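Summary of structural features
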Amino acid sequence: MWKQQIITTERGDFELFTKGSGQPLCVTHLYSEFNKNGNLFANIFTKSATVYLVNLRGCGNSSPQSEDYTLGMDDAVKDLEAIRKSLSIEKWIFAGHSTGGMLALKYATQFPESLVKIIAGGLCASSDYMKDKGSIYCSQNPNNTRLLEILSILKDTTSTLDQRRAVGKEWSLMSLYNEDTYDEMLRRPNSGKTVPARLDYFSYEELPTYDIRAALTDVYVEALIYSGRYDAQCPHHFSKEAAELMPNATMTTFEYSNHFPFIEEEKEFERFVQDEVFS
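Before going into details, it helps to say that this report is about the structure given with it. Remember, predicted model here, so these are calculated numbers, not experimental data. (Residues numbered from 1 in each chain as written. Predicted model: local features only at pLDDT ≥ 70, side-chain atom pairs only at ≥ 80, totals over all residues. Heavy atoms only, no water.)

Quick look at the pairing of strand β10 (residues 249–254)
Short version of the rule: Paired strands, as defined in this entry, are two strands with at least two bridges between them according to DSSP. Counting from the N terminus, the helices are DSSP H or I runs at least four residues long and the strands are E runs at least two residues long. With its strands directed away from the observer, a crossover is right-handed exactly when the path from the first strand over the helix to the second travels clockwise.
Examined bridge by bridge, strand β9 (residues 222–228) and β10 share six bridges and lie parallel to one another. The partner of Ser-227 across the bridge, within β10, is Thr-253. The handedness of the β9 to β10 crossover, carried by helix α9 (residues 236–245), is right-handed.

What follows is the structure, encoded as structure tokens:
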């Protein structure tokens, strides 16, 4: 189990969960809430680092949105900076997947001096993936109609736990190269439920104008970018684009993965982490 902490900062209180030993490494996702079960992505880094799994504003027991602080990316990275300072950490590694990976890119553009490096995957540097037929978020993708129904159920406060679990499984299966991997996911302790308010803020307030491609060309932080070859959420070429824009980035492709290479090709992903992140 992960150890829970409430950290008081100049920007409010934040809940985080800690596990592992070694250099400090922060993990979060833009609209997920974590608990003592930790997270399958974050867990991989605990073998070589002290991992801080953060509940962002509005998640778990962290401070809510207010007149001064929003649920957006800009405030998220400022909150992460406040957490880092309260923990008396000079620099840390930041790792994020999917919208957590997008947040990693944003963090690197705003506070590069606070980062040793970033590990970011399954991401896009702009909202263009919403227009790509290869993404389930595109209206022209065959899975999009059902996906919108799934998201509606997840955001509906009247939906039952069984309903949420069932549609959550559907969403996951759309994003797996090998559907048998889903059973493996369920066998392990995990957390990361969707927080509707944060998802809505991202979808309707930030995503329409999200585009940090120009800023990435001036980011010299070491960036380890990765993607599954068959990513159905953020198609592979978007992660590749981000890596090509960043002067000090490398791109790693997992050839037998969809959106979750850290589960679908776990051994290969662990090797990537050990060889590229902690070598």
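The discussion continues.
Brief notes about the side chain of Asn-144
Put simply, the test is: Categorising residues by exposure relies on relative accessible area from a 1.4 Å probe, with only protein chains included: less than 20% of the type maximum marks a residue as buried, more than 50% marks it as exposed, and the intermediate range marks it as partly exposed. Identification of polar contacts relies on pairs of N or O atoms within 3.5 Å, with a donor-acceptor requirement for protein atoms, meaning one able to donate a hydrogen and the other able to accept it, and with residues adjacent in sequence counted only if both atoms are side-chain atoms. In this analysis, two residues are considered to be in contact whenever any of their non-hydrogen atoms come within 4.5 Å of each other.
Looking at the secondary structure, you find Asn-144 in helix α4 (residues 144–155). A residue is classified by how much of its surface remains accessible, and Asn-144, at 6% relative accessible area, is buried. In this structure the side chain of Asn-144 is engaged in a polar contact, spanning 3.4 Å, whose partner is the backbone oxygen of Tyr-137. Once residues lying within four places of it in the same chain are set aside, the contact partners of Asn-144 are Ile-136, Tyr-137, Cys-138 and Ser-139.

Some details on the pairing of β9
Burial runs high along β9: six of the seven residues are buried. As paired strands, strand β7 (residues 115–121) and β9 are joined by five bridges and run parallel to one another. Pairing of Gly-121 across the sheet is with Tyr-226, part of β9.

Notes on the environment of Ala-197
Positionally, Ala-197 belongs in helix α7 (residues 196–206). For the pair Ala-197 and Gly-58, spaced 139 residues apart in sequence, the C-alpha separation works out to 7.9 Å.

Here's the deal with the packing of α4 against α7
To keep it simple, the criterion reads: What counts as an axis is a line fitted to C-alpha atoms, over the stretch in contact for a helix, and the angles between N-to-C directions run from 0 to 180 degrees. The cut-offs work like this: below 35 degrees is roughly parallel, past 145 is roughly antiparallel, 65 to 115 is roughly perpendicular, and the gaps in between are oblique. Rotating anticlockwise by less than a right angle from the far helix to the near helix defines a left-handed crossing, while the corresponding clockwise rotation defines a right-handed one.
Between α4 and α7, whose axes approach to 10 Å, the crossing angle comes to 135°. For the element pair α4 / α7, the angle class is oblique. Every pair of crossing elements has a handedness; the one defined by α4 and α7 is left-handed. Packed against α4, whose contacting residues are Leu-151, Leu-154 and Lys-155, the element α7 presents Pro-196, Leu-199, Asp-200 and Tyr-204 at the interface.

Observations concerning helix α2 (residues 73–86)
Stated precisely, the cut-off is as follows: By this rule, a helix spans an expected 1.5 Å times one less than how many residues it contains.
For α2, which comprises 14 residues, the first-to-last C-alpha distance of 20 Å matches the rise-based estimate of 20 Å (1.5 Å per residue) to within 8%. With ten of its 14 residues buried, α2 lies for the most part within the structure. All of the buried residues along α2 are Met-73, Asp-75, Ala-76, Val-77, Asp-79, Leu-80, Glu-81, Ala-82, Ile-83 and Arg-84.

Quick look at unusual backbone geometry
The backbone phi angle of Ser-88 is positive, close to 60°, even though this residue is not glycine. If you trace the backbone, Ser-88 turns up in the loop between α2 and β6 (92–97). For Ser-88, a relative accessible area of 68% gives the class exposed. The phi torsion at Ser-98 lies on the positive side, around 60°, for a residue other than glycine. Mapped onto the elements, Ser-98 comes out in the loop between β6 and α3 (99–110). With relative accessibility at 7%, the residue Ser-98 sits in the buried group.

Some thoughts on the pattern of salt bridges
Side chains that differ in charge, positive against negative, can pair when their charged atoms come close. Our working definition: Salt bridges, as used here, are contacts in which a Lys or Arg side-chain nitrogen is within 4 Å of a carboxyl oxygen on Asp or Glu.
Here the structure, examined in full by the defined rule, presents 16 salt bridges. Glu-81 serves as the salt-bridge partner of Arg-84, at 2.9 Å between the closest nitrogen and oxygen. Highlighted residues: Arg-84 and Glu-81, both in helix α2, separated by three residues, approximately one helical turn. Take Arg-84 and Glu-81: they sit in the same class, and that class is buried. One salt bridge connects Lys-155 with Asp-200, and the closest N-O pair in it is separated by 3.1 Å. With Lys-155 in helix α4 and Asp-200 in helix α7, this pair connects stretches of sequence that are 45 residues apart. A residue is classified by how much of its surface remains accessible, and Asp-200, at 27% relative accessible area, is partly exposed.

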